[in-house]
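Residue strings, one per chain:
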Amino acid sequence: MQVLVASNRGPVSFRRAEDGTLTMRRGGGGLVSGLASVASGTDLLWVCAALSDDDRTAARQDPEGRLDKAGHDTGAVRMLDIPEKTFHRAYNSVANSTLWFIHHLLYATPTAPHFDAVFRRDWQAYTAYNAAFAGALGQDAEQGAKVVVQDYHLALVPGMLREARPDLRIAHFSHTPWAPPAYFRLLPDDIGAALLEGMLGADHLGFLCDRWAEAFLSCCDEILGARVDPVAGTVTHRGRTTRVGVHALGIDGPELRERAGRADVAERMAALREQVGDRQLLLRIDRTELSKNIVRGLAAYWELLLNHPEWRGRVVHLAFAYPSRTDLAEYRAYTAEVERLAAEINDEFGTDDWTPLILEVKDDYARSLAAYQLADVLVVNPIRDGMNLVAKEGPVLSDKGCALVLSREAGAAAELSDDALIVNPFDVSQTAEMLNQALLLSPDDRKARAKRLSDAATALPPTRWFAEQLAALD
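Residues numbered from 1 in each chain as written. Predicted model: local features only at pLDDT ≥ 70, side-chain atom pairs only at ≥ 80, totals over all residues. Heavy atoms only, no water.

## Things to note about the overall build of the protein
So, step 1. Scanning the protein for helices and strands turns up 18 helices and 17 strands.
So, step 2. For the protein, the C-alpha atoms occupy an extent of roughly 65 × 55 × 40 Å along the three principal directions.
So, step 3. In the protein, buried positions account for 58% of the 474 residues.
So, step 4. By sequence separation, contacts in the protein at least 24 residues apart represent 77% of the contacts at least 6 residues apart. (Helix = DSSP H or I, 4+ residues; strand = E, 2+ residues; numbered from the N terminus. Buried < 20%, exposed > 50% of the residue type's maximum accessible area, 1.4 Å probe, protein only. Contact = heavy atoms within 4.5 Å.)

Here it is in structure tokens:
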């Protein structure tokens, strides 16, 4: 059986070495790990975009961008050399500055969005970008092959591919939330309809939790006038029926623990122990992404120290904020605000022998794995999140038991709410009080909660998550 996967970011990337040769690196993330486990027994082709100049150079070495079995374990790869201007407009202007904002409810609506002639030009690029993927998939797919398309970058691909290759079995998976109809209607009418109809070209649509699947069904009902069966999870539109399912992506526990046991993690753990001392450790790990709600999270820590002075000198907040989308002005401004607030907290409460907040605005995966193992409280308070795997990784790696303060707007809350301390992400005062409660939990209570959270977090590891979607196409 042939399986094709389509995603913006592929399983490999390239970088030019000092001697001018291209070196290849395997990508990270649950999707790559999940596919690695099925690649050996499957005729697998991964279609992705070239994301850098070095990727484009590698892709141009073959007329069709094929990088077959190039020393990695994720099957054959076809890397598309999409014109840079087209890619930028599709990826930054539409996918990340429009669709991401819609699905995460991020717009300040008195001033945005603003859909004008420039946006229409960008939408044409998004359409061309999706058409490039659909064309490559249609060209390489054997009769009756299974195609699994990933995420909001490629929402039009199922419909385009269905039209060209009706023999194929097509799935699409959304790694983000889905906006409710009232918010989805911010999009121009024709573009909103095009996105929904593009998705409905699939035989099976996957979402991370029931809320996002239900929101999609409601959009199909209210915007397209499609026939929706919420019990069966089906949408019938223009003579075709699409099934909608929920696949709650989890953590590969053994793989994560193995990585966390390596020397580079142990080295960073020793340094962290020295920084924190015998104080309780409150941890957050995020990208500097607008939806992650870092500013309100830090404000809640400020309020904790203000209202509960007994914690001063007894707790350290370690905040990892990995740079994200630095080519977008909103993200640069948000990162600056995070840094400003962190400095104010330290100025207000810090002493000669206590730094209340340690902010790291850099990517250091090994340091994150070390911090998980030491944390007493993990804070995950997004405005809105498709899943949020940080909420799952923390309990899996916790040595002594870690309390989880979790936003009710994270997809992970559907599975973890029984043992997490749930907060409204907009309520800073409530979050501050929940941080206090988390710090006051007994060691036995924390340990018991963390064990149950870990069990839930590993219930559907990437291998099974991907296998479920393939099985849904049978």
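## Comments concerning the side chain of Glu393
So, step 1. Looking at the element boundaries, Glu393 is found in helix H14 (residues 390-397).
So, step 2. Despite its burial, Glu393 remains without a salt bridge, the nearest opposite charge being carried by Lys292 at 10 Å.
So, step 3. Setting aside chain neighbours within four positions, we find Glu393 in contact with Ile251, Leu256 and Tyr372. (Lys, Arg positive; Asp, Glu negative; His and termini not counted. Salt bridge = Lys/Arg side-chain N within 4 Å of Asp/Glu carboxyl O.)

## Description of the sheet that holds strand E13 (residues 315-322)
So, step 1. Reading across from one edge, E14-E13-E12-E15-E16-E17 is the order of the six strands in this open sheet, with parallel pairing throughout. At either margin of the open sheet sits one strand with a lone partner, and together these are strand E14 (357-360) and strand E17 (421-423). Averaged over all pairs of adjacent strands, the angle between their axes in this sheet comes to 15°, without regard to strand direction.
So, step 2. In terms of strand pairing, strand E12 (residues 280-287) meets E13 through eight bridges, oriented parallel. Note that in E13 the partner of Ile285 across the bridge is Phe320.
So, step 3. Across the sheet, helix H11 (residues 294-307) touches E12, E13 and E14, and the angle it forms with E13 is around 170°. (Pairing = 2+ DSSP bridges. Axes fitted to C-alpha atoms, helices over the stretch in contact; angles between N-to-C directions.)

## So, the sheet that holds strand E10 (residues 234-237)
So, step 1. Overall, mixed pairing links the nine strands, which are arranged E5-E4-E1-E6-E7-E8-E11-E10-E9 in an open sheet. Each end of this open sheet is capped by a strand with a single partner; those strands are strand E5 (76-80) and strand E9 (227-229). On average, each strand axis in the sheet is tilted by 20° relative to the strand beside it, whichever way the strands run.
So, step 2. In this structure, strand E1 (residues 2-6) lies alongside strand E6 (residues 146-150), joined through four bridges in parallel fashion. Along E6, the bridge assignment pairs Ala6 with Val149.
So, step 3. This element, helix H5 (residues 157-164), spans E6, strand E7 (169-173) and strand E11 (240-246) of the sheet and lies at about 175° to E7.

## Considerations on helix H9 (residues 253-260)
So, step 1. Considered for burial, the residues of H9 that qualify are Gly253, Leu256, Arg259 and Ala260. Seen along its axis, H9 keeps its buried residues to an arc of 135°; they face one direction.
So, step 2. Tucked inside the fold, the buried residues of H9 contact helix H10 (263-276), helix H13 (365-374) and H14.
So, step 3. One side-chain oxygen at the N-terminal end of H9 lies 3.1 Å from the backbone nitrogen of Glu255; it belongs to Asp252. (Arc of directions from axis to C-beta. Polar contact = N/O pair within 3.5 Å; in protein donor to acceptor, adjacent residues only side chain to side chain.)

## A word on the pattern of salt bridges
So, step 1. For the coordinates displayed, the defined rule picks out 32 salt bridges.
So, step 2. Linking Lys362 and Glu360 is a salt bridge whose minimum nitrogen-to-oxygen distance equals 3.9 Å.
So, step 3. Put simply, Lys392 and Glu415 hold a salt bridge, and the shortest N to O gap is 2.9 Å. On the criterion of sequence distance, the pair formed by Lys392 in helix H14 and Glu415 in helix H15 (residues 413-416) is long-range, its members being 23 residues apart.
So, step 4. A relative accessible area of 28% means that Glu415 is categorised as partly exposed.
So, step 5. A network of salt bridges, in which partner residues are shared, links Arg162, Arg169, Asp203 and Arg240.

Everything listed is a geometric property; what it means functionally is a separate question.
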